[in-house]
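Descriptive analysis of the structure
Here is what each chain is made of, one letter per residue.
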Amino acid sequence: AVLFLSNLYSYLEKKKQEKIVKELQRPYLEATYGGKTPEETLELFIQALKEGNIELASKYFIIERQKEQKEYLQKVVDIGRLEEMINDLNGEIRYKGSLYENNQQFEIRDETGNVIFGLIDFIKYPTGTWKMTEI
């Protein structure tokens, strides 16, 4: 009886841990905001900014950075620099690189070749959508 109870306890603990892991993974497996390519994600992000929808724009970042990026974008709006940011983001993507699989990095430059955004980092989620890690 002791062995049975021990095995039952181990089984229930394992199931409990599996449930916790599944709950932690869920946001990543259900992430729908983002494009099928890094370029599309950037376009969607810019469109949300043009619409003044900071909430939506922040959803194009990885889950861990959304709150922080929303606060940053709100500050950009508050100081009246949103239009400038949108214009800068519409510069030319001059550099594409990758550190590892499912990662892409861009550098945006103006028409004279000056770097506007030194590094925009993207990562591909399990859903196939691309999200920005930083801008």
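Please refer to the structure placed before this passage.
The present account deals with the structure reproduced in this document.

What counts and how
- Residues numbered from 1 in each chain as written.
- Predicted model: local features only at pLDDT ≥ 70, side-chain atom pairs only at ≥ 80, totals over all residues.
- Heavy atoms only, no water.
- Buried < 20%, exposed > 50% of the residue type's maximum accessible area, 1.4 Å probe, protein only.
- Helix = DSSP H or I, 4+ residues; strand = E, 2+ residues; numbered from the N terminus.
- Arc of directions from axis to C-beta.
- Phe/Tyr/Trp six-rings, centres within 6.5 Å; stacked < 30°, edge-to-face > 60°.
- Lys NZ or Arg CZ within 6 Å of the ring centre and 35° of its normal.
- Salt bridge = Lys/Arg side-chain N within 4 Å of Asp/Glu carboxyl O.

**What to know about helix 5 (residues 82–89)**
An α-helix turns once every 3.6 residues. As a result, residues three or four positions apart point the same way. Among the residues making up helix 5, those that are buried are Leu82, Met85, Ile86 and Leu89. Projection of helix 5 onto a plane perpendicular to its axis shows the buried side chains occupying an angular sector of 100°, all on one side.

**Regarding the packing of aromatic side chains**
Tallying each qualifying case throughout the model produces 3 aromatic pairs. When the centroid spacing of 6.3 Å and the interplanar angle of 80° are considered together, the rings of Tyr33 and Tyr60 count as edge-to-face. With a gap of 27 residues between them, Tyr33 in the loop between helix 1 (2–29) and helix 2 (38–50) and Tyr60 in the loop between helix 3 (54–58) and helix 4 (66–78) connect regions that are remote in the sequence. With relative accessibility at 37%, the residue Tyr33 sits in the partly exposed group. Considering the side-chain rings of Phe45 and Phe61, the 5.5 Å spacing of their centres and the 90° angle between planes classify their relative orientation as edge-to-face. Of this pair, Phe45 sits in helix 2 while Phe61 sits in the loop between helix 3 and helix 4, and the two are 16 residues apart along the sequence. Grouping residues by exposure puts Phe45 and Phe61 together as buried. Positioned above the aromatic ring of Tyr125, the side-chain terminus of Lys131 is 5.7 Å from the ring centre.

**As for the pattern of salt bridges**
In total, this model carries 7 salt bridges according to the counting rule given. For Arg81, the salt bridge is made with Glu84, and the minimal N-O distance between the two is 2.6 Å. Accessibility expressed as a relative area gives 39% for Arg81, which makes it partly exposed. Since its relative accessible area comes to 37%, Glu84 is described here as partly exposed. Connected via shared salt-bridge partners are Glu55, Lys59 and Lys70.

That is the geometry; function is a separate question.
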